[in-house]
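Take a look at the letters that make up each chain.
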Amino acid sequence: MLEKENRLTELVPGLKSDTCRIYWFDTVSSTMDAAFNLEERAVKDRTLVISDVQTMGRGRYSRRWYSTCDDIIFSIILTDYDFRIPYSMLSAYAVYITLIKHKAPVMLKWINDVLWENGKKISGVITEERKTRTVIGIGVNLNSEEIPPPVRNGATSWYIETGERIIKEDFLSSLIIELFSILDRVKKGDIEQVLYEWETEAGLQGNRVRVINDSGEFKGIAEGINKKTGALILNRDGGQLEIYEGSLFNIGGDEY
Ligand code: BTN
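Residue numbering note: each chain is counted from 1, following its sequence as written. pLDDT decides what is reported in this predicted model: residues at 70 or higher carry local features, side-chain atom pairs at 80 or more are listed and counted, and totals for whole chains, interfaces and linings draw on all residues regardless. Calculation of side-chain values draws on the structure's entire complement of heavy atoms; hydrogens and water are dropped beforehand.

Our next topic: the packing of helix α4 (residues 87-101) against helix α7 (residues 191-202). Each axis is a line fitted through C-alpha atoms, taken for helices only over the stretch in contact, and angles between the N-to-C directions span 0 to 180 degrees. Secondary structure elements follow DSSP: runs of H or I of four or more residues count as helices, runs of E of two or more count as strands, with numbering from the N terminus. For the pair α4 and α7, interaxial distance at closest approach is 11 Å and the crossing angle is 55 degrees. Comparing their axes, α7 and α4 come out oblique. Along this stretch, α4 crosses α7, giving a crossing that reads as left-handed. Of the residues in α7, those touching α4 at Met89, Leu90, Tyr93 and Tyr96 are Ile191, Val194, Leu195, Glu197, Trp198 and Glu201. Small angles under 35 degrees read as roughly parallel and large ones over 145 as roughly antiparallel, with 65 to 115 read as roughly perpendicular and the rest as oblique. With the far helix as reference, a near helix turned anticlockwise by less than a right angle produces a left-handed crossing, and one turned clockwise produces a right-handed crossing. Two residues qualify as a contact provided that any one of their heavy atoms is within 4.5 Å of a heavy atom in the partner residue.

Laid out in structure tokens, this is it:
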């Protein structure tokens, strides 16, 4: 896979330095496992683990993540991270900006989903932590011609919506440039500005929503997000509640 790794290094200026490594596999069970399985000395902050195929890709809440070799599936390892920062949300924001720059009519869904304008999911992000390693996994349905039955109604791909293909390496390099730029900004202390931009783009303020998470169901008016943590601020009967995790729906049943 050296050829693909080299090509990506050419496309992403930040990868030329010695501060990052890329591993591009043909097939792995999950890029999350591949990232956790790398030996300590093989890993630097922002190491990228990319694969063409995943046999057991996983999503949040123990769901499966389906992809073809023409889609984007990768993980990024963070060794230098701040546990207060919502990296999943920031990664989804990088996907969103990249798609917008490709003129895709997409929208942000709290916490870390990107939806096509018809409400179907085109990208998902997951974060897992083990020992000193935080791994963020990013999936973007780019060139899939069809979505498998378990998620068919709720998901889509760039190709399904536009009838056009995108060169995977080009999209991936744009996305990594965007992601690195956001990580750089956050490292410089710009988190509040980045999350303010997220909130403005997401336009969820004033919506009547419900959130379902492990603690139950919460209904209220979305007031925005906490600009330090990314938590959703819900107004419930005049009182404010901050929610850190969960699936968000518009009241009335439609997914927000
Ligand atoms: C979700 O929306 O539930 C998160 C989906 C995350 C999918 C990506 S694909 C690359 C990485 N490897 C995995 O097994 N999962 C993540």
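Take valine 186: it is sitting in helix α6 (residues 168-187). The class of valine 186 is buried, set by a relative accessible area of 9%. As for valine 186 and leucine 90, which are separated by 96 residues in sequence, their C-alpha atoms are 9.3 Å apart. Ignoring anything within four residues of it in the chain, the contact list for valine 186 reads Ile85, Leu90, Ile191 and Val194. Buried means the residue's accessible area, taken with a 1.4 Å probe over protein chains only, is under 20% of the maximum for its type, while exposed means over 50%, and partly exposed covers the values in between.

Bridge count between strand β5 (residues 113-116) and strand β6 (residues 121-130): three bridges; the pairing is antiparallel. Counted as the bridge partner of aspartate 113 is glycine 124 from β6. Here β6 pairs with strand β7 (residues 133-140) via eight bridges, running antiparallel. Looking at the pairing, threonine 127 lines up with isoleucine 136 of β7. Two strands pair under a simple rule: DSSP has to find at least two bridges between them. Connecting β6 to the antiparallel partner β7 that follows it, the hairpin turn spans two residues, and lysine 131 within it adopts a positive phi of roughly 50 degrees.

Proximity criterion: a residue is near a molecule or strand once any of its heavy atoms comes within 4 Å of it. If you check the shell around the ligand, you find 19 residues, and the closest are Ser30, Gln54, Arg58, Arg60 and Lys121. Contacts described as polar in this section are N or O atom pairs within 3.5 Å, which, within protein, must combine one atom able to donate a hydrogen with one able to accept it, while residues neighboring in sequence count only if both atoms come from side chains. Within the side chain of threonine 31, a nitrogen or oxygen atom sits 3.0 Å from a nitrogen atom of the ligand. One nitrogen or oxygen atom from the main chain of arginine 58 is found 2.7 Å from a nitrogen atom belonging to the ligand. Surface accessibility follows the Shrake-Rupley procedure with a 1.4 Å probe radius. Residue values consider only the protein chains on display as shielding. Across the complex, the protein chains shield 99% of the 420 Å² of accessible surface that the ligand would expose by itself. Those elements that place two or more of their residues in the shell around the ligand are α3 (31-37), β3 (72-78), β6 and β7.

With that settled, the discussion passes to the packing of α4 against α6. Orientation of α4 relative to α6, taken along the N-to-C sense of each, is 135 degrees, at an axis distance of 9 Å. Accordingly, the angle class assigned to the pair α4 and α6 is oblique. Crossing hand, α4 versus α6: right-handed. Contacts between α4 and α6 involve Tyr87, Leu90, Ser91, Tyr93, Ala94, Val95, Ile97, Thr98, Leu99 and Lys101 on the former and, on the latter, Phe171, Ser174, Leu175, Glu178, Leu179, Ile182, Leu183 and Val186. Residue polarity is assigned by list, with Asp, Glu, Lys and Arg as charged and Ala, Val, Leu, Ile, Met, Phe, Trp, Tyr, Cys and Pro as nonpolar; anything else, Gly included, falls into the polar class. Residues belonging to the contact of α4 with α6 are distributed by class as follows: 13 nonpolar, three polar and two charged.

As a further point, take α7. What a helix is expected to span follows from its residue count: subtract one and scale by 1.5 Å. In a regular helix each residue adds 1.5 Å, so twelve residues correspond to 16 Å; α7 covers 16 Å between its end C-alpha atoms and thus fits that length. Within α7, the full set of buried residues consists of Ile191, Val194, Leu195, Trp198, Glu199 and Ala202. Mapping the buried residues of α7 onto a view down its axis gives an arc of 140 degrees, with all of them on the same face. Of the surrounding secondary structure, the elements contacted by the buried residues of α7 are α4, β4 (106-109), α6 and β9 (216-225). Starting at the helix axis, one direction is taken to each C-beta atom, and the arc is that of these directions.

Relative to the helices and strands, serine 91 is located in helix α4. Given the relative accessible area of 1%, serine 91 is considered buried. Within the local environment of serine 91, its side chain forms a polar contact with the backbone oxygen of tyrosine 87, the two atoms lying 2.7 Å apart. Once residues within four sequence positions are removed from consideration, serine 91 is found in contact with Val125, Ile136, Ile138 and Leu179.

Worth remembering: the numbers are spatial, not functional.
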